[in-house]
Number of protein chains: 2
Amino acid sequence: MTDAKFALILESFRKFLRRGAITHLSNMANKMRAADLAQVIRHLATVQEKRTVFEVIRDVKLKAAVLRETEPHAVGDLLQDMPPHDVVVALRELSSDDVADILGNLPEEKAQDILRLMKTEDSEEVEDLLQYPEETAGGIMTTDFVSLQEETTVKDAIAHLQETSAKQMVFYLYVTDAEGRLVGVVSLRQLLVVAPGTPLKKIMTTDVISVVTDMDQEEVAKLVARYNILAIPVVDKDGKLVGIITVDDVVDVIREEATEDILKLAGASEADLFQMSSFRAARMRLPWLLTSLVGGLITGVFVWLFQPTILQVIALASFIPVITAMGGNIGLQTSTLVVRGLATGRIESADLRAVFVKEFVVGVLMGTICGAIVGLVAQAWRGPAMLGVVVGVSMFIAITVASVMGTLMPILLRRLGFDPAISSGPFVTAANDITGLVIYLGLATALLQHLL
Amino acid sequence: MTDAKFALILESFRKFLRRGAITHLSNMANKMRAADLAQVIRHLATVQEKRTVFEVIRDVKLKAAVLRETEPHAVGDLLQDMPPHDVVVALRELSSDDVADILGNLPEEKAQDILRLMKTEDSEEVEDLLQYPEETAGGIMTTDFVSLQEETTVKDAIAHLQETSAKQMVFYLYVTDAEGRLVGVVSLRQLLVVAPGTPLKKIMTTDVISVVTDMDQEEVAKLVARYNILAIPVVDKDGKLVGIITVDDVVDVIREEATEDILKLAGASEADLFQMSSFRAARMRLPWLLTSLVGGLITGVFVWLFQPTILQVIALASFIPVITAMGGNIGLQTSTLVVRGLATGRIESADLRAVFVKEFVVGVLMGTICGAIVGLVAQAWRGPAMLGVVVGVSMFIAITVASVMGTLMPILLRRLGFDPAISSGPFVTAANDITGLVIYLGLATALLQHLL
C-alpha cells in the first residue's frame with residue numbers, strides 16, 4: 001500500500017470513528033490485511049479508538065494476526081477488556097514465538113491467567129520460550145516446526161505433513177536421530193521428486209547450518225544473510241533440535257539492528273522514540289547530549305586557558321569553529337564506516353590492521369587538502385603573516401588525529417566488550433573537538449612571536 | 001563461521017598460496033561453502049592469488065555459487081583468463097537474475113561473447129533482465145519461477161514440479177490466466193494436502209501481493225518486511241507475470257539500503273569505501289567535508305564580525321565550542337530519527353505534523369535543561385554578571401532551532417525529490433553552527449552594556 005493510499009484509509013477510519021459508524025468501520029476493517037490494520041490502529045490517537053477498531057474485527061484469524069503485527073508494548077491496550085478465554089482462542093491461531101512475544105509484554109498476572117487457560121502442551125511451549133533472553137536465537141525462534149526421524153519414509157513424511165496444522169509456513173523438514181539431535185534437512189520439493197518408500201536419511205542434506213539457543217540475534221541474522229537460507233534450525237547445548245528461526249523474523253531483526261545502530265551512532269539511543277511521550281524521549285536522549293555538553297565545556301576551558309594568545313591575535317577566534325567542526329565530522333565519518341563495517345561483517349578481525357592503515361592514509365590525504373584550503377583562506381584573512389601556516393598545519397594534524405581516533409575507538413570499544421555503535425558518536429566528537437583545539441591554540445601560542 | 005575461525009582459515013589459505021601448495025589449497029577450498037570461499041577470495045591481496053583459489057575449485061556448482069557470492073566489481077578479475085565456454089558452463093548453474101548481475105559487471109565485449117554462447121532461451125531471459133534499472137523490482141527479480149494456468153490439476157502441477165530443474169528454491173506456484181496475467185498463488189504445502197484432481201483455481205489464494213517491474217527496490221523490501229512473505233511476484237504494466245523476487249535477495253537489499261543510509265547520514269557517501277584505493281575513498285568523502293569546511297568558515301566570518309564584542313568580553317569565546325557542538329549534536333540526532341523513520345516506514349506522510357510538534361516539544365525540553373546547566377556554569381565562570389543569562393538563553397534558542405531544522409530539513413528534501421539521508425548530516429550541522437553562533441554573539445552584543 002502506498003503512503004498516500006494509507007493516509008486516505010486512515011482518514012476514513014477516523015471519520016467513521018468520529019461518527020460512530022460501526023457498520024462502515026467493520027466492513028472496512030474486515031477487508032484489510034492484518035499488517036495494514038495494525039498500522040491503522042497504531043496511528044489512532046486514543047486507546048478507546050484503537051480498541052473499537054480491534055473489537056470490530058470478526059475473523060479470529062485476522063484478529064490474531066493483527067495482535068502479532070501490533071507493537072509489543074501496545075498489545076496490552078487492545079486486550080485489556082477482552083475476556084482471557086477469547087484471548088486464548090485468538091492466540092491459538094499464532095505460532096508459539098508470537099504468543100511468547102505477546103504474553104511477554106502483558107502484565108504478569110494477565111499473562112499467567114492466559115497461560116493457565118491454554119492447552120497444557122501449548123502453554124508449556126510458550127513458557128519454555130519465555131525463558132530465553134529476548135535478543136537471542138532462543139528468544140526469536142518458534143517451536144512450530146516439522147521434524148521426523150531419519151528412518152521415516154517419504155510417504156510417511158507426506159502423510160505427517162498432511163496431518164500437521166499449518167500455523168507456520170513449512171519449507172523444510174528437519175531430520176533427527178533417535179535422541180532428537182538434528183542430523184539433516186529435507187526440502188518439501190525433494191519429497192515430491194523421489195520414490196515414496198525412500199527413507200529420509202537417504203535424501204537429506206547432512207551439512208546443516210544451525211545455531212545454538214544463546215546466540216545473539218544479530219549473529220543469526222548475519223548467518224541467514226550470508227548463506228541465503230529461509231529458516232535456520234536452533235539446537236540446545238546437546239545438539240537437540242528445539243526450534244527454528246524463519247527468514248521473515250530475520251528480516252525484522254536486520255531492520256531493527258540497523259535502526260538501533262543508526263540511532264546509537266547519532267546519539268539518539270536505541271529505543272523507539274516516536275512511541276514515547278516527549279518527556280521520556282527527551283530523557284532518553286539527554287545522556288548523549290550531556291556527553292556532548294561536557295565535551296563542549298571542557299573545550300571551553302582550553303579556550304579559557306589560551307585566552308592570552310587569543311586576546312593578542314583575535315583572528316585566531318575566527319578559526320575555532322572550522323577546526324572543531326572538521327575534527328568532529330571526520331571522526332563521525334570514520335567511526336561510522338568502521339561501526340557499520342563491523343556490524344555487517346564487511347570488516348573482520350583479520351582486516352583490522354589493513355583498515356587502520358587505510359583510514360590513516362585517507363586521513364592524511366584529506367588533512368592535506370583541507371589544511372591547504374583553510375591555510376590559504378587564513379593567509380588571505382586580514383591577519384598576521386603566519387596565521388595561514390598555524391591554521392593549515394593545525395587542521396592537517398586535527399584531521400589525521402580524528403581519522404585515527406575514529407578508527408580505533410569502535411575497535412577498542414568492541415574489544416572491551418561494549419557495543420561499538422553506542423559511544424562512537426558523542427565521545428569521538430567531543431574528543432576530537434578537544435584535541436583539535438589544543439593542537440590549534442597550542443601551536444598558535446608556540447608561534448606567537450611570528451603571529452604578532 | 002565465527003570471526004576467529006574465519007581468520008584461521010584465511011591464514012591457512014595465505015600460507016598455502018605462499019608455499020604454492022596447490023593440492024592442500026584445492027582440498028581445503030572444495031570442502032568449503034560458497035559464501036565463505038567468496039569471502040576468502042575477497043580478502044586475498046592480489047588478483048593473482050584470487051584467481052589461483054578460484055581455479056582450484058573443481059565442482060562447477062561450487063564455482064558458480066562462488067561467482068554469485070563475489071562482489072559484482074570483482075567478478076571480472078576472476079573470469080579474466082577463463083575461456084568463455086567454461087564461463088557459460090558455470091553460469092548455467094545460476095538463476096537468471098544472478099547471471100544478469102554478473103554479466104552486467106563484465107566488460108561489454110566479454111558479456112556479449114558469453115551471451116552468444118548461451119542457449120538462446122537462457123540468453124534472452126538474461127538480456128531481458130539486463131534492461132531493467134539495477135535498483136528496481138525488475139533489476140533484482142529472477143525469471144526462474146514456476147507458473148501454471150489456473151485449470152491445471154494438482155496432479156499435473158506436481159508432475160510439472162518434478163520435471164523442472166531446481167536452480168531457485170521453489171516455495172510457491174504462481175497461477176496465471178490464459179493471457180499470462182497473475183491470478184493466484186498456491187503453496188507447495190497446499191499441493192500435498194488436497195485431492196490430485198483438484199484444479200489449481202479451486203485452492204489458490206487470489207489475494208496476491210505483487211509489484212510492478214519499475215518499483216524501487218527499497219519499496220519492495222518494505223512490502224516483504226511488512227507482510228512477511230518469502231517471495232513476491234513481479235508483473236509488467238499489463239499484469240503479466242514476468243518474475244519473482246525471493247526474500248534472500250530482499251535481505252540483501254535491506255542491509256544495503258541500511259548501510260547506504262547510515263553512511264550518507266555520516267557524510268561518508270554510499271559507495272563501498274573499503275574496496276577502493278585510499279585516493280578514491282578520500283575523493284568520495286571530500287564533498288561532505290568541504291560542505292562542513294565552508295560551514296565552519298562562514299561561522300568564522302560571524303565570529304570575525306562580532307570581534308569587538310569578544311574583545312570586550314573574552315569569556316564569551318570559551319562558550320563558542322559548546323554552543324556549536326550542542327546545536328550540531330541535536331540537529332544530527334533529530335534528523336537521523338526522522339530520516340530513519342521515513343526509511344523504515346515508521347513515519348508516514350500522515351504523521352509529519354505530529355512528528356514536528358513532538359520534536360519541537362522535545363527540543364524545548366532539552367533546550368531548557370541544557371540551557372540551565374550551561375547558564376549556571378557560565379554564571380560560576382570568572383566572568384561578567386549577565387554571562388550566565390546570555391549563554392543559557394542562547395543555548396536554549398539554539399537547541400530549539402536545531403530541533404526544528406533537524407525535523408524540517410529531511411522532510412523538505414524528500415518533498416523536493418532528494419534523498420533525505422544524503423544531505424541532512426553536514427548541511428544541518430553547518431546550518432546549526434551558524435545560527436547557534438549568531439544567536440549567541442548577537443544576544444551578547446545586544447546585552448553588551450550588562451556584560452561589562
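The rules behind the values
Residues numbered from 1 in each chain as written. Chains lettered and ligands numbered in written order. Predicted model: local features only at pLDDT ≥ 70, side-chain atom pairs only at ≥ 80, totals over all residues. Heavy atoms only, no water. Least-squares fit on C-alpha atoms with pLDDT ≥ 70 in both. Contact = heavy atoms within 4.5 Å. Helix = DSSP H or I, 4+ residues; strand = E, 2+ residues; numbered from the N terminus. Buried < 20%, exposed > 50% of the residue type's maximum accessible area, 1.4 Å probe, protein only. Lys, Arg positive; Asp, Glu negative; His and termini not counted. Salt bridge = Lys/Arg side-chain N within 4 Å of Asp/Glu carboxyl O. Buried area = accessible area lost by both parts, 1.4 Å probe. Polar contact = N/O pair within 3.5 Å; in protein donor to acceptor, adjacent residues only side chain to side chain. Nonpolar A, V, L, I, M, F, W, Y, C, P; charged D, E, K, R; others polar. Core = buried A, V, L, I, M, F, W, Y, C linked by side-chain atoms within 4.5 Å. Phe/Tyr/Trp six-rings, centres within 6.5 Å; stacked < 30°, edge-to-face > 60°. Lys NZ or Arg CZ within 6 Å of the ring centre and 35° of its normal. Domains from an automatic or database assignment. Axes fitted to C-alpha atoms, helices over the stretch in contact; angles between N-to-C directions. Parallel < 35°, antiparallel > 145°, perpendicular 65-115°, else oblique. Left-handed = near helix turned anticlockwise from the far one by under 90°.

A few points about the relation of the copies chain A and chain B
Move 1: If you rotate chain A by 180° and push it 0.0 Å along the axis, it lands on chain B with an RMSD of 0.2 Å. Such a turn and shift between the copies fits a two-fold axis.
Move 2: Of all interface residues in chain A, 99% are interface residues in chain B too; the two copies therefore contact each other through one and the same surface.

Here's the deal with the side chain of B:Arg255
Move 1: Its place among the elements puts B:Arg255 in helix α16 (residues 247-265).
Move 2: Of the side chains with opposite charge, B:Asp252 lies nearest to the buried B:Arg255, which makes no salt bridge, at 5.6 Å.
Move 3: Look past the residues within four positions of B:Arg255 in its chain and what remains in contact with it is A:Ala221, A:Lys222, A:Ala225, A:Ile254, A:Arg340 and A:Thr344.

Overview of the environment of A:Glu218
Residues and elements named next belong to chain A.
Move 1: Relative to the assigned elements, Glu218 resides in helix α15 (residues 217-227).
Move 2: Owing to a relative accessible area of 23%, Glu218 belongs among the partly exposed residues under this scheme.
Move 3: Sequence-wise, Glu218 and Val250 are 32 residues apart; in three dimensions their C-alpha atoms are separated by 8.8 Å.

Observations concerning the interface of chain A and chain B
Move 1: Contact residues are listed per partner, giving 121 residues for chain A and 122 residues for chain B.
Move 2: Around 11300 Å² of area is buried between chain A and chain B when both sides are counted, 65% of it from carbon and sulfur atoms.
Move 3: Residues A:Arg285 and B:Glu359 are paired through a salt bridge, measuring 3.0 Å at the closest nitrogen-oxygen approach.
Move 4: At the boundary of chain A and chain B, one finds 22 residue pairs in polar contact (both at pLDDT 80 or more).
Move 5: With 18 residues, helix α17 (residues 278-305) of chain A is the single largest residue contributor to the side of chain A that touches chain B.
Move 6: Across the side of chain A that touches chain B, the residue classes break down as 73 nonpolar, 24 polar and 24 charged.

Observations concerning the nonpolar core
Move 1: If you look at the biggest cluster of nonpolar residues, it comprises 154 residues, and the most contacted ones within it are A:Phe13, B:Phe13 and B:Leu103.
Move 2: Not counting residues within four places of it along the chain, the set of residues in contact with B:Leu103 comprises B:Leu91, B:Ala111, B:Ile114, B:Leu115, B:Met118 and B:Val126.
Move 3: Core analysis: the next-biggest nonpolar cluster, separate from the first, contains 80 residues, A:Phe306, A:Met326, A:Leu437 and B:Leu387 among them.

Let's talk about the packing of aromatic side chains
Move 1: What the rule picks out here adds up to two aromatic pairs over all chains.
Move 2: The positively charged end of A:Arg33 is found above the aromatic ring belonging to B:Tyr227, 5.4 Å away from the centroid.

A word on the domain arrangement of chain A
Move 1: Per the domain assignment, the segments of chain A are domain 1 (3-131), domain 2 (147-265) and domain 3 (273-451).
Move 2: Taking only C-alpha atoms, the centre of domain 1 of chain A and the centre of domain 2 of chain A are 28 Å apart.

Digging into the packing of helix α20 (residues 320-344) of chain A against α16(B)
Move 1: For the pair α20(A) and α16(B), interaxial distance at closest approach is 10 Å and the crossing angle is 165°. Taken together, the axis directions place α20(A) and α16(B) in an arrangement best described as roughly antiparallel. Handedness of the α20(A)/α16(B) crossing: right-handed. Along its contact with α20(A), which presents A:Thr336, A:Leu337, A:Arg340 and A:Thr344, the element α16(B) presents B:Arg255, B:Ala258, B:Thr259, B:Ile262 and B:Leu263.
Move 2: Partitioning the contact of α20(A) with α16(B) into residue classes produces four nonpolar, three polar and two charged.

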